[in-house]
Amino acid sequence: MGWAARFLTAVSFLAAGVLFAPDALFGGAPGRPAAGVAAARLAHVLCFATAWGAALWVTFIGGIVMFK
């Protein structure tokens, strides 16, 4: 995968994160969690998704390729 594809993948995941958690960048209404809390939630979801994807890759693709 070239650098452009990796960059576009990272940008698309960032856009999806902003779509599902806009409070992280734009703030929220009064009475809602602060922007720092929303940013921490967004970072947690993105890190968890990265770990999950890496585990699936190693288990089902990388492991089989290395075995063969």
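Residues take numbers from 1 onward in each chain, read along the sequence in its written order. The predicted origin of the model limits local features to residues at a pLDDT of at least 70 and limits the giving and counting of side-chain atom pairs to 80 or more, whereas totals for whole chains, interfaces and linings rest on all residues. Water and hydrogen atoms were dropped before computing side-chain values, which therefore reflect all heavy atoms in the structure.

J.: I tried to follow the environment of G17 on my own but got confused; where do I start?
T.: Here G17 lies in helix α1 (residues 3–20). Since its relative accessible area comes to 9%, G17 is described here as buried. The spacing of G17 and L42 is 25 residues in sequence and 6.6 Å in space, taken between C-alpha atoms. Secondary structure is summarised from DSSP: a helix means a run of H or I of at least four residues, a strand means a run of E of at least two, and numbering begins at the N terminus for each. Burial here depends on accessible area, computed with a 1.4 Å probe over protein chains only, as a share of the maximum for the residue type. Under 20% is buried, over 50% is exposed, and the range in between is partly exposed.

J.: Would you mind going over the packing of aromatic side chains with me for this structure?
T.: Side-chain rings of Phe, Tyr and Trp, where Trp is taken by its six-membered ring, are said to pair if the distance between their centres is within 6.5 Å; with planes under 30 degrees apart they count as stacked, over 60 as edge-to-face, and otherwise as tilted. One pass over the full model with this rule turns up one aromatic pair. Where F48 meets W52, the ring centres are 6.3 Å apart and the plane angle is 25°; that geometry is what we call stacked. Residue F48 and its partner W52 are both found in helix α3 (residues 35–67); the two are separated by four residues, about one turn of the helix. The exposure class assigned to F48 is exposed, which follows from its relative accessible area of 52%.

J.: Could you clarify how one ought to interpret a nonpolar patch on the surface in this entry?
T.: In this scheme, patches are assembled from residues that exceed 30% relative accessible area and form no salt bridge. Like charges are connected within 9 Å, while nonpolar side chains (Val, Leu, Ile, Met, Phe, Trp, Tyr) are connected within 5 Å. Residue exposure ignores everything except the shown protein chains as possible cover, and the areas themselves are Shrake-Rupley values with a 1.4 Å probe. The term salt bridge refers to a pairing of a side-chain nitrogen on Lys or Arg with a carboxyl oxygen on Asp or Glu at a separation within 4 Å. Side chains of F48, W52, L56, W57, V58, F60, I61 and V65 sit close together on the surface and give an oily, nonpolar patch of about 890 Å² of accessible area. With respect to the helices and strands, the residue F60 is situated in helix α3. Given a relative accessible area of 53%, F60 falls into the exposed group.

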